[in-house]
Amino acid sequence: MKIKSVLKPKHAAWAIGALTGAILVDLVAHSGAKASAQPRSAPLVEVATVEQKDVPVYGEWIGTLAGQVNADVKAQVTGYLLARKYKEGSFVHKGELLFEIDPRPFQAALDQAKGQLDQAQAELIHAEAQLAISEANQLKSELDVEKYEPLAKADAVSKQDFDNAAQTNLANKAQVRAAEAAIASANAQIKTSQAAVETATINLGFTRVVSPIDGIAGIAQAQVGDLVGTSSGALTTVSTLDPIRDYFTVSEQEYLALQERLSHSDKGRWKLQLILADGRTYPKEGEFYFADRQVNQNTGAIQLAALFPNPGNNLRPGQYGKVRAMIREQQNATLIPQAAVNEQQGSYLVAVVDKDNRISMRPVQVGERSDAMWVIQKGLNPGERVVVEGQQNLRPGVTVQTKPFEHNVE
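Residues numbered from 1 in each chain as written. Predicted model: local features only at pLDDT ≥ 70, side-chain atom pairs only at ≥ 80, totals over all residues. Heavy atoms only, no water.

## Some details on empty space enclosed by the protein
To be explicit about the condition: As defined here, a cavity is a set of points on a 1 Å grid over the protein atoms alone where a 1.4 Å probe fits but cannot get out. A pocket is an open set with protein on both sides within 12 Å along at least five of seven lines, and residues line them when an atom is within 4 Å of a point. Grid points are joined across faces, edges and corners, and a volume is the space filled by probe spheres set on the points. Every helix listed is a DSSP run of H or I at least four residues long, and every strand listed is a run of E at least two residues long, numbered separately from the N terminus. Gly is placed with the polar residues, together with every amino acid not listed as nonpolar (Ala, Val, Leu, Ile, Met, Phe, Trp, Tyr, Cys and Pro) or charged (Asp, Glu, Lys and Arg).
Inspection of every chain in the model, using the stated rule, returns one cavity of 30 Å³ or more. Quantified by volume, the largest cavity comes out at close to 40 Å³. In terms of lining, the largest cavity is formed by Tyr255, Leu258, Gln259, Leu262, Trp270, Phe288 and Leu304. It is helix α4 (residues 252-264) that provides the largest number of residues to the lining of the largest cavity, a total of four residues. By residue class, the composition of the lining of the largest cavity is six nonpolar, one polar and no charged.

## A few points about unusual backbone geometry
Applicable threshold: Under the scheme applied here, a residue whose accessible area is under 20% of the maximum for its type counts as buried, over 50% as exposed, and between as partly exposed, the area being computed with a 1.4 Å probe on protein chains only.
Residue Pro243 is bonded to the preceding Asp242 through a cis peptide linkage, with omega at 0 degrees. Inspection of the secondary structure puts Pro243 in strand β10 (residues 234-251). Residue Asn313 is not a glycine yet carries a positive backbone phi of 55 degrees. Looking at where Asn313 falls in the secondary structure, it is placed in the loop between β13 (301-308) and β14 (322-337). Judged by relative accessible area, which is 14%, Asn313 ranks as buried. The phi dihedral of Asn393 falls on the positive side, at around 65 degrees, and the residue is not glycine. With respect to the element layout, Asn393 can be found in the loop between β19 (385-389) and β20 (401-404). For Asn393, a relative accessible area of 74% corresponds to the exposed category.

## What to know about the confidence of the model for the protein
Stated precisely, the cut-off is as follows: Values of pLDDT, the confidence the predictor places in each residue, fall between 0 and 100. The contact definition used throughout considers only heavy atoms, calling two residues in contact when any of these lie within 4.5 Å.
Per-residue confidence for the protein averages 84 on the pLDDT scale, and 87% of its residues sit at or above 70. Across residues 1-25, where pLDDT falls below 50, the model places zero contacts with residues more than four positions away in sequence or in other chains. Throughout residues 31-38 the model reports pLDDT below 50, and contacts reaching past four residues in sequence, or to other chains, amount to zero contacts.

## Looking at the pairing of strand β17 (residues 359-370)
How we decide: Think of it this way: DSSP has to see at least two bridges between two strands before they count as a pair.
For strand β16 (residues 347-353) and β17, the ladder comprises six bridges, and the chain directions are antiparallel. The residue bridging Val353 from the neighbouring strand is Ile359, located in β17. Hairpin connection from β16 to β17: five residues lie between these consecutive antiparallel strands, with Asn357 at a positive phi of about 65 degrees. Relative to strand β18 (residues 373-378), β17 runs antiparallel, the two being bridged by four bridges. Note that in β18 the partner of Ser370 across the bridge is Met373. Hairpin geometry of β17 and β18 is characterised by an intervening segment of two residues between the two adjacent antiparallel strands and by a positive phi of about 55 degrees at Asp371.

Dropping the structure here:
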């Protein structure tokens with residue numbers, strides 16, 4: 001009986017503890033349910049007001065830079081390359097030595113040609129001396145014939161003496177003609193030798209390969225010790241880079257519109273911008289240079305060229321160079337920031353905020369881009385508000401908090 005009286009207080013304490021724990025769990029559970037039932041705060045988005053104003057419309061075309069003049073430097077004679085005299089990638093001047101070909105065979109050819117010229121000139125001198133002698137002998141023999149002829153008729157001299165004088169005169173005339181022929185031959189040989197000397201001199205000069213223009217010299221395509229010649233290709237290329245060309249292609253329709261724009265620009269000078277591969281805009285404006293003579297019938301496009309100042313020769317041929325230019329001005333254009341437009345499978349959507357700050361997703365028809373803005377042709381009205389930042393996970397009907405969108409001005 002004593003034991004039963006001792007256990008009863010213990011059981012009572014256990015029951016009280018269990019009941020207290022159950023009450024606490026129930027309170028915590030109800031408190032969590034109330035907390036989870038509280039509504040979320042409205043998401044914060046940045047909005048811009050749809051504008052309407054006149055805006056310039058720009059066109060962009062992919063282009064490639066090229067030198068204003070690209071001169072391939074080739075060997076004009078065949079020989080072994082002795083030296084490269086320039087630094088690859090450096091600026092060189094017209095006439096500056098770039099390569100040297102072994103000159104010894106060409107120096108020997110020049111010496112031989114000069115020796116043949118000297119020989120021909122000596123032969124001319126000898127032929128002229130022979131002509132003088134032959135002409136003197138002919139004159140003497142003619143006088144003898146004139147003297148003996150009347151004497152022979154009077155039988156004052158023998159007929160044999162007269163015949164001898166006549167034969168001598170004929171022989172002297174033949175010697176004169178032979179001397180004249182020798183002079184003509186010597187003169188012809190002199191001309192041939194002079195041409196050979198000139199050719200040998202030119203070929204010897206060709207062993208010094210020089211730059212034909214001022215410009216940037218490229219990588220050498222031949223190394224010292226290589227056998228080079230007229231059929232071995234370019235040794236290097238020198239390009240004039242200031243100004244530098246930018247070739248870009250436009251469609252036939254764009255070309256017609258650009259021609260209209262060009263005819264109304266100031267003195268035909270159509271200002272162009274150059275967008276580099278890293279997205280930066282080149283600081284110097286360019287000008288339209290020329291259009292190709294024909295439209296490509298296969299593509300329906302025509303190639304144009306622009307010139308951009310390049311005083312530091314920093315722009316190089318082969319670089320990517322997107323051309324950007326104003327093509328027209330659109331009146332009363334409806335504008336929103338480009339970041340407000342979402343493209344989904346070829347269609348364009350804009351999140352519109354109504355007066356109660358509720359979201360609706362509206363399809364729009366986009367037009368040209370103007371700087372950071374997009375021309376909207378259909379779907380929006382001036383004064384409406386569109387979400388620019390914070391469109392992620394927005395659903396139609398959601399209420400949002402708004403703040404003005406701030407344009408980033410660089």
